[in-house]
Amino acid sequence: MINVGAESRPSPTKALSPPPTAEKALSFISRGWREVRDSAGADLKLMRARANTFKDLATSIDRELENFLGTASGKSKAVTPSELEFVRRLQPKLTELRRAYASPEKVLERWTPRARISIDLSSIRDAFVSEVEEGRGRVRRRVWTVKKGEEEERGWGEDWEPIRKLKTGWRELERRRNSSEIFEGFRNSEFVDKVKLSLKSLYREPQDSKEVPPLDVPELLAYFVKQSGPFFDQIGVKRDICDKIVEALCSRKKDQRMGRSMSSGALATSETENINDELDMRIASVLQSTGHHYDGNFWIDSAKHDPTDKRRHVAIVTTASLPWMTGTAVNPLFRAAYLANSAKQNVTLLVPWLCKSDQELVYPNKLTFSSPEEQEAYIRDWLEERIGFKADFKISFYPGKFHKERRSIIPAGDTSQFISSKDADIAILEEPEHLNWYHHGKRWTDKFNHVVGVVHTNYLEYIKREKNGAIQAFMVKHINNWVARAYCDKILRLSGATQDLPRSVICNVHGVNPKFLKVGEKMAADKELGQQSFSKGAYFLGKMVWAKGYRELIDLLATHKNDLADFKLDVYGNGEDSLEVQSTAKKLELNLNFLKGRDHADDSLHGYKVFINPSVSDVLCTATAEALAMGKFVICADHPSNEFFRAFPNCLTYKTSEDFVMRVKEAMASDPVPLTPEQRYNLSWEAATQRFMAFSDLDKVLGSNSEDSMEGNKRNRTIKKSISMPNLTQTVDGALAFAHHCLTGNEVLRLCTGALPGTREYDQQHCRDLHLPRAQVQNPIYGCFVRVAEESIKVKS
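Being a predicted model, the structure only gives us computed values, none of them experimental.

1. Topic: the nonpolar core
Moving on, step 1. The biggest cluster of nonpolar side chains holds 103 residues, and the ones touching the most others in it are L383, F393 and F692.
Moving on, step 2. The element best represented in this core is helix α12 (residues 327-341), accounting for 9 residues.
Moving on, step 3. In contact with F393, not counting residues within four places along its chain, are L333, A336, A337, A340, V347, L349, R380 and L383.
Moving on, step 4. The next biggest cluster of nonpolar side chains, apart from the first, holds 28 residues, and it includes W546, Y550, L553 and F660.

2. Some remarks on helix α22 (residues 622-629)
Moving on, step 1. Burial analysis of α22 places 7 of its 8 residues in the buried class, the great majority of the element.
Moving on, step 2. What α22 keeps buried is the set A623, T624, A625, E626, A627, L628 and A629.
Moving on, step 3. Those residues of α22 that are buried are in contact with α19 (514-528), β14 (536-541), β17 (608-613), β18 (633-637), β19 (651-654) and α24 (677-683).
Moving on, step 4. Of the residues flanking the end of α22, it is G631, one or two places downstream, whose phi is positive at about 85°.

3. Thoughts on the pairing of strand β10 (residues 426-430)
Moving on, step 1. Counting buried positions over the 5 residues of β10 gives 5, a clear majority of the element.
Moving on, step 2. Neither face of β10 is left uncovered, since the one carrying I426, I428 and E430 and the one carrying A427 and L429 both have all their residues buried.

4. Quick look at unusual backbone geometry
Moving on, step 1. At the junction of L322 and P323, the peptide bond is cis and its omega measures out at 10° in the coordinates.
Moving on, step 2. By secondary structure assignment, the location of P323 is in the loop between β6 (312-317) and α12.
Moving on, step 3. Positive phi is not limited to glycine here, since K366 has a value of about 55°.
Moving on, step 4. Tracing the sequence through the fold places K366 in the loop between α13 (356-362) and α14 (372-387).
Moving on, step 5. By relative accessible area, which is 73% here, K366 ends up exposed.
Moving on, step 6. One non-glycine residue with positive phi stands out, namely R503, at about 55°.
Moving on, step 7. Relative to the assigned elements, R503 resides in the loop between β12 (490-493) and β13 (504-506).

5. Quick look at the side chain of S578
Moving on, step 1. For S578, the position within the fold is in helix α21 (residues 578-587).
Moving on, step 2. For S578, the side chain forms a polar contact with the main-chain oxygen of G575, separated by 3.1 Å.

6. Considerations on the sheet that holds β17
Strands in a sheet are paired, the pairing made by backbone hydrogen bonds, and the direction either parallel or antiparallel.
Moving on, step 1. Strand order in this open sheet of 6 strands is β16-β15-β14-β17-β18-β19, and the pairing throughout is parallel. Of all the strands in the sheet, the pair left with one neighbour each is β16 (592-595) and β19. Direction aside, neighbouring strands of the sheet carry axes that sit 25° apart on average.
Moving on, step 2. As defined by bridge partners, β14 adjoins strand β15 (residues 569-572) across 4 bridges and the pair is classed as parallel. By the bridge assignment, F540 is partnered in β15 with V571.
Moving on, step 3. Against the sheet, α22 makes contact with β14, β17, β18 and β19, and its axis sits at roughly 160° relative to β17, the strand it touches most.

7. Quick look at the packing of aromatic side chains
Moving on, step 1. For the coordinates displayed, the defined rule picks out 19 aromatic pairs.
Moving on, step 2. Aromatic side chains F369 and Y378 sit 5.6 Å apart centroid to centroid with 55° between the ring planes, which places their arrangement in the tilted category.
Moving on, step 3. Among the residues examined, F369 registers a relative accessible area of 4% and is labelled buried.
Moving on, step 4. Taken together, a centroid distance of 5.1 Å and an interplanar angle of 55° make the contact between Y539 and F611 tilted. Placement of Y539 in strand β14 and of F611 in strand β17 is noted, with a sequence separation of 72 residues between them.
Moving on, step 5. For the cation-ring pair, R406 lies above W437, with the distance from its terminal atom to the ring centre recorded as 5.6 Å.
Moving on, step 6. For the cation-ring pair, R551 lies above W546, with the distance from its terminal atom to the ring centre recorded as 4.0 Å.

Calculation rules
Residues numbered from 1 in each chain as written. Predicted model: local features only at pLDDT ≥ 70, side-chain atom pairs only at ≥ 80, totals over all residues. Heavy atoms only, no water. Core = buried A, V, L, I, M, F, W, Y, C linked by side-chain atoms within 4.5 Å. Buried < 20%, exposed > 50% of the residue type's maximum accessible area, 1.4 Å probe, protein only. Helix = DSSP H or I, 4+ residues; strand = E, 2+ residues; numbered from the N terminus. Contact = heavy atoms within 4.5 Å. Polar contact = N/O pair within 3.5 Å; in protein donor to acceptor, adjacent residues only side chain to side chain. Pairing = 2+ DSSP bridges. Axes fitted to C-alpha atoms, helices over the stretch in contact; angles between N-to-C directions. Phe/Tyr/Trp six-rings, centres within 6.5 Å; stacked < 30°, edge-to-face > 60°. Lys NZ or Arg CZ within 6 Å of the ring centre and 35° of its normal.

Written out as structure tokens, the structure reads:
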């Protein structure tokens, strides 16, 4: 008999009564033991049946043995003596085996202590409960005993392994009386953790999806208004209005987004960040959380230049070249020199090449060049003389034709093809609207990674002065908007006097020739030594055309002829309207002295104290900046084109003609204030280059390939891919570029809009001068229109 709890039972007063939960557990265990007992009984019946079978087999064997023994006793003659000896030895063993297995009960008795098992459940309950001896402070464990026959064997001093685990679980159940603790333990169990991991493997939640809330209705409306900018711009709605709508829609969520972004390390890190950029980053973060990736657009060619080395490539494309002393010839040249001087990127300056017949019309003093190499040598000599160092950049040429009526150079053919694909990294388009009016070639933003446009000229102001100027200005305004949006990623406007173009910012990115700063330093040193710095009065310098401020100058002097009776002004300039300007001044009896045009750095101009510039058609007058650099007074109109110069104390602005008179008298009666080192630096090309890098985003683009930024680029790669989503702006821009390409391919439309005949492709003369492949033969139908247009031009001239 198996008896659990061999010791004498404790009295009821000393026994620990189990809690109600223990009674439930014991009832469950009792039912389990009953099932085990029933199963054990069935097994014992089966064992008895098998024992009876074995008994019958033993009886059969016994009979066979008797026959065998009878044979061994000598009844059979065939048995040998050795066999008889073997049988005699085997007989006692067989007799003992027959006696041992004669009864099935004896067989079962050897397998189990008893055929019937009885279990005392009360002993099991008492075995689960530990008894604490009072005063001794130790726990006494019960020891299981097993009775086998009349012999009693004690256990090994510790509980049987299953019983030990049950007792440990029971003690834990006693400790956790509260049901919430039980379920809490179940939630924290290893089994639950494994289930969670299995579910997560089936569904992987998007990264940071819990940290990025979905877009709400105001944000969706704001993004729709922002993406509808091209449509609003074309119908005349100002961009400021759209920005205010977007800001109003996003203002309610701004504080919450910024707080969430700061806590989660998102993209927005400053409350002063531009609202449009913040909205873009918000959209990008939501798209990133959904796992969105977008590789391109229907209109976009994703095959762009991938810089393999650490040096990047910058191509500067301009519409004029030396020796034509115009802003689009001089300023891009200085920009190329100072960008190349940083030694961080390779720079190529692309300038137009004119045939000799056009050179005679454009370049001063009938200066011409027989080859591009000769003109390149002239350009480099002129530049090195003024900057004082040898600039390491490449100069290339593209075919161009001079338009007499517009007094500008029109590119011939596809200008972008003159930049090789391996160098097509960053493009700077000086006068992007001018370069792309008739551009029929590859889209700049498809070939280059980043395209920056720099607006030099206020074309609308010039066109308004012509016949039917209002209608022409309306057309040109929308064409400029069209080509700027289609071909540029970022546009820099030198001042607020220019047309408000898409993706544009206002910043003066031009500097002055270092020679002018040296003149200013010399004048300041002479003044400190007590020497006379300026020995002359006032002057005006500029190309002699009415639009360059000559109309305003004559009107001011004619209106206040009596107030400025003793005032004399020297005028330097050459131009198409020189005869008319001089005759008008003579007719009005104005005190003007007209002289031939010359370089502003000429020594004869250093002694003047006052520079007068009444022009309101300039975007940013280079001559004004040069006069300030030389330490002179500058009298100019209170106009957006002069906004940058107001910070200098020697810049005197006026709003009315009476103010003009007061400013002239003030300047003539006093001496200019010497420039501070900070003011001189702001006028330099070093500062202009820094401003250009910052406002055109070139510092970010050029720095994206550096070793320090590789890790940051890797982190932001998903954001950039998410923000590269199909949107209305990209679709409109791509459609505008495609439509412009189709229209500029039609020679009839080109001629109707004022293009020169044959500018869709470069001609044979350009092929010979620039060593280009033979020009493509145009359609004969277009050739007829070309010949008619050429004949009409000859008749007009």
